[in-house]
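# Structural characterization, general
Each chain, written out:
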Amino acid sequence: MTARRPCPPAPGPLEEYAARFDDLFFSLAQRRGFREYLTGLLAPRERNKTITCLAGAEPVAGAGTPGVQRLQFFLSESPWEAEQVNDRRLELLRGQSVTAPHDGGVIVIDDSGDRKAGTATANVGRQWLGRLGKTDNGIVTVTTVWTDGRVYYPLHATPYTPAHHFARARSDPAFRTKPQLAAALAVRGKEAGFGCRAVVADCAYSVSDDWYLALRAAGLAYVVALKPHRGTWAPVGQPHTPVDAAHALTWKNADHPGDWTPVERHFRDGHTETWWAADARLGGYGPDSPCRLVVATTDPATLPEKATWHLATNLSHPDAPHAATSPHPPADLAEIVRLYGLRPWIEQSYKQVKDELGWADFQVRSDRAIRRHQTLVNCAFSFCWDQWFAPPGPVDAAAPDPCPNEGPERGLSPVPPAPTALLAQGLTGDPFLACPRRHSQPMVASLDGQGPTLRTPGPDRRSHHRTRHRPLPPDLTNYR
């Protein structure tokens with residue numbers, strides 16, 4: 001066998017990270033494409049990260065250039081397996097002590113949609129897009145994230161295929177609902193070695209029996225939000241909804257809390273808040289039942305809608321008669337609140353993968369190419385953590401500059417201000433790669449510089465705090 005031909009290196013520490021995947025690619029072109037794609041995703045650009053942007057070419061007019069065609073072939077046609085690349089990425093995360101999973105973390109489940117026009121793209125359809133807050137034509141992807149509140153990173157992702165893509169619609173044996181996909185991803189996360197205290201999800205997954213059954217069969221605990229006004233069977237005169245069950249709890253004031261227990265919540269920015277939590281009874285839910293209903297709120301007297309959680313969990317109460325035989329260690333109220341309080345970190349991860357790393361900027365149609373793009377975005381995200389925890393190394397002044405000042409990319413203004421986004425913040429003043437050789441600190445200087453928010457991300461705001469450039473010439477945009 002002949003030795004492999006050397007591959008042009010990626011800039012700075014990205015080369016060391018990319019080299020760990022080389023045995024998964026069969027040719028020089030694939031190894032080079034992998035490096036070029038990650039480099040483009042990590043570069044702070046003022047454009048959507050389409051393939052022309054990743055290759056540094058002009059929009060539309062540059063689509064036929066060799067660099068763009070090379071990346072297009074790598075993403076759509078080249079024979080490499082996205083699942084193998086993702087498995088290697090997770091293996092690297094497990095092998096690093098600061099990102100290794102442990103049983104105190106959680107696997108968070110969520111789905112997020114992005115608008116896509118037309119009907120020819122795989123998995124596209126008219127459906128609810130949470131990112132836009134409305135029903136529109138787009139693609140929804142079910143994702144899982146592992147987090148313990150200190151680190152957070154994506155595990156797996158599966159695009160949801162609407163029923164109209166199947167011959168028998170929802171009756172087709174191949175059709176899977178979002179809760180079914182989510183449960184399968186949670187099980188894959190456990191099988192991949194990412195232990196967790198519980199699987200956490202919002203109320204969209206609480207209405208699926210298949211979701212509960214799949215987690216139970218896999219031996220996974222869960223903490224899931226319930227819809228406050230969703231009714232359930234109960235005898236006459238007893239609560240019929242989670243809200244009714246919460247109002248049935250006794251409360252007078254903080255000195256006489258009745259059924260409520262104070263819980264101290266600690267946030268990433270250092271501040272703390274006192275919440276109140278209680279075990280409620282509703283139908284088959286109860287502190288002595290296999291499934292508990294836990295209510296957590298900032299004000300038991302008024303139960304404010306935006307600051308009250310109604311949570312179902314199969315983590316037993318410490319005093320429950322079945323606690324000793326339960327497959328999961330019991331959890332007190334503070335533990336339940338802590339676990340569900342980690343759910344917003346998946347929203348935080350969307351800020352990076354969507355707003356900075358170009359999760360929805362792909363311009364391919366096949367399901368395989370879409371999944372490959374998502375895998376590469378997750379690789380770029382994980383590289384950020386790899387460099388965040390890497391010790392700073394010396395700067396080699398004799399090394400050639402991988403990012404020479406050759407002028408701005410065509411179509412962009414000469415020197416835009418330093419971006420204020422979380423990724424590559426303040427590292428470069430031009431639209432090219434945030435060159436790691438110029439900085440002894442990691443390429444991504446403040447990946448987790450902000451804590452998660454409790455709200456769902458709103459519409460795309462990539463241009464927020466950024467200079468708006470002049471429109472492109474008509475001969476580039478009026479191409480139809």
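All of the points below concern the structure found in this document. Predicted model, so just to flag it, every value in this text is computed and none were measured.

### Looking at the overall build of the protein
- For the protein, the helix and strand inventory stands at 12 helices and 10 strands.
- A total of 480 residues make up the protein; the buried ones form 52% of that total.
- Taking the contacts inside the protein whose residues are at least 6 apart along the sequence as the reference set, 63% of them involve residues at least 24 apart.
- Counting every atom, the protein has about 22,300 Å² of accessible surface; 53% of that belongs to carbon and sulfur.

### What to know about the packing of aromatic side chains
- Within this structure, the stated rule accounts for 23 aromatic pairs.
- When the ring of Phe25 is compared with that of Phe74, the centres are 6.2 Å apart and the planes differ by 50°; the resulting orientation is tilted. One end of the pair, Phe25, is in the loop between helix H1 (13-19) and helix H2 (28-42); the other, Phe74, is in helix H4 (residues 66-76), and 49 residues separate them in sequence. For the pair shown, Phe25 and Phe74 are each scored as buried.
- Aromatic pair Tyr212 and Tyr222: ring centres 5.2 Å apart, planes at 70°, arrangement edge-to-face.

### Points about the nonpolar core
- Ranked by size, the top nonpolar core spans 112 residues in total, and within it Phe34, Tyr153, Val199, Trp211 and Val223 carry the most contacts.
- Examining the composition of this core, we find that 10 residues originate from one element, helix H11 (residues 367-388), more than from any other.
- Setting aside anything within four residues of it in sequence, one finds Trp211 in contact with Ile109, Pro179, Ala182, Ala183, Val199, Ala201, Tyr205, Tyr222 and Val224.

### Details of the pattern of salt bridges
- For the coordinates displayed, the defined rule picks out 19 salt bridges.
- As a salt-bridge pair, Arg35 and Asp22 come within 2.9 Å of each other at their nearest N and O atoms. With Arg35 in helix H2 and Asp22 in the loop between H1 and H2, the pair connects residues that are 13 residues apart, well separated along the chain. The burial state of Arg35 is the same as that of Asp22; both residues are buried.
- Salt bridges here are not isolated pairs; linked through shared partners, they connect Arg115, Arg126, Lys134 and Asp136.

### A look at the packing of H2 against H11
- Two numbers describe how H2 lies on H11: the axes approach to 10 Å, and their chain directions differ by 65°. Classified by the angle between their axes, H2 and H11 sit roughly perpendicular to one another. The element H2 and its partner H11 pack so that their crossing is right-handed. Taken together, the residues of H11 that come into contact with H2 (itself represented by Phe34, Tyr37, Leu38, Leu41 and Leu42) are His373, Leu376, Val377, Cys379, Ala380, Phe383 and Cys384.
- Residues that form the contact of H2 with H11 fall into these classes: 11 nonpolar, one polar and no charged.

### As for the pairing of strand S7 (residues 261-266)
- As judged from the six bridges shared by S7 and strand S8 (residues 272-280), these two strands associate in the antiparallel manner. Among the inter-strand pairings, Glu264 is bridged to a residue of S8, identified as Thr274.
- Where S7 hands over to S8, the hairpin turn is made up of five residues, of which Gly270 adopts a positive phi near 100°.

### Overview of the packing of helix H6 (residues 178-191) against helix H7 (residues 209-217)
- Running from amino to carboxyl end, H6 crosses H7 at an angle of 15°, the nearest separation of the two axes being 8 Å. Classed by the angle they form, the pair H6 and H7 counts as roughly parallel. Handedness of the crossing formed by H6 with H7: right-handed. Residue-level inspection shows Pro179, Gln180, Ala182, Ala183, Ala186 and Val187 of H6 in contact with H7, the latter providing Asp210, Trp211, Ala214 and Leu215.
- For the contact of H6 with H7, the class distribution of residues is eight nonpolar, one polar and one charged.

### Quick word on unusual backbone geometry
- At Val60, a residue that is not glycine, the phi angle is positive and equals roughly 65°.
- At Ala169, a residue that is not glycine, the phi angle is positive and equals roughly 55°.
- Positionally, Ala169 belongs in the loop between strand S4 (152-159) and H6.

### Thoughts on the environment of Val295
- Summarising the element assignment, Val295 is placed in strand S9 (residues 292-297).
- Using a relative accessible area of 0% as the deciding quantity, one classes Val295 as buried.
- Taking the C-alpha atoms as reference points, Val295 and Pro242, 53 residues apart in sequence, are found 8.4 Å from one another.
- Those residues within four positions of Val295 in sequence are excluded, and the remaining contacts are Ala246, Trp260, Trp276, Ala277, Ala278, Ala280, Thr308, Trp309 and His310.

### Here we look at the side chain of Thr143
- Inspection of the secondary structure assignment puts Thr143 in strand S3 (residues 134-147).
- Residue Thr143 is classed as buried on the basis of its relative accessible area of 8%.
- A polar contact of 3.0 Å, which involves the side chain of Thr143, links it to the side chain of Tyr350.
- Each residue touching Thr143, except ones within four places of it in the same chain, is listed here: Val108, Ile109, Asp110, His156, Ala157, Leu185, Ile346, Tyr350 and Trp359.

### Brief notes about the pairing of strand S1 (residues 106-115)
- Burial within S1 is extensive, with eight of its 10 residues counted as buried.
- As defined by bridge partners, S1 adjoins S3 across 10 bridges and the pair is classed as antiparallel. Paired with Val108 across the two strands is Val145, which belongs to S3.

### Focus on H2
- When the terminal C-alpha atoms of H2 are compared, their 21 Å separation across 15 residues agrees well with the 21 Å that a helix rising 1.5 Å per residue should span.
- Counting buried positions along H2 gives 12 out of 15 residues, so the element sits mostly inside the fold.
- Within H2 the residues assigned to the buried category are Leu28, Gln30, Arg31, Gly33, Phe34, Arg35, Tyr37, Leu38, Thr39, Gly40, Leu41 and Leu42.
- Buried residues belonging to H2 abut H1, helix H3 (51-54), H4, helix H5 (82-95) and H11.

### Some details on helix H10 (residues 345-355)
- A large share of H10 lies buried, amounting to nine of its 11 residues.
- Regarding H10, the residues found buried are Trp345, Ile346, Glu347, Gln348, Ser349, Tyr350, Gln352, Val353 and Lys354.
- The secondary structure elements touched by the buried residues of H10 are S1, S3, S4 and H11.

So, how was this worked out
Residues numbered from 1 in each chain as written. Predicted model: local features only at pLDDT ≥ 70, side-chain atom pairs only at ≥ 80, totals over all residues. Heavy atoms only, no water. Helix = DSSP H or I, 4+ residues; strand = E, 2+ residues; numbered from the N terminus. Buried < 20%, exposed > 50% of the residue type's maximum accessible area, 1.4 Å probe, protein only. Contact = heavy atoms within 4.5 Å. Areas by Shrake-Rupley, 256 points an atom, 1.4 Å probe, with all protein chains shown as cover. Phe/Tyr/Trp six-rings, centres within 6.5 Å; stacked < 30°, edge-to-face > 60°. Core = buried A, V, L, I, M, F, W, Y, C linked by side-chain atoms within 4.5 Å. Salt bridge = Lys/Arg side-chain N within 4 Å of Asp/Glu carboxyl O. Axes fitted to C-alpha atoms, helices over the stretch in contact; angles between N-to-C directions. Parallel < 35°, antiparallel > 145°, perpendicular 65-115°, else oblique. Left-handed = near helix turned anticlockwise from the far one by under 90°. Nonpolar A, V, L, I, M, F, W, Y, C, P; charged D, E, K, R; others polar. Pairing = 2+ DSSP bridges. Polar contact = N/O pair within 3.5 Å; in protein donor to acceptor, adjacent residues only side chain to side chain. Expected span 1.5 Å × (residues − 1).

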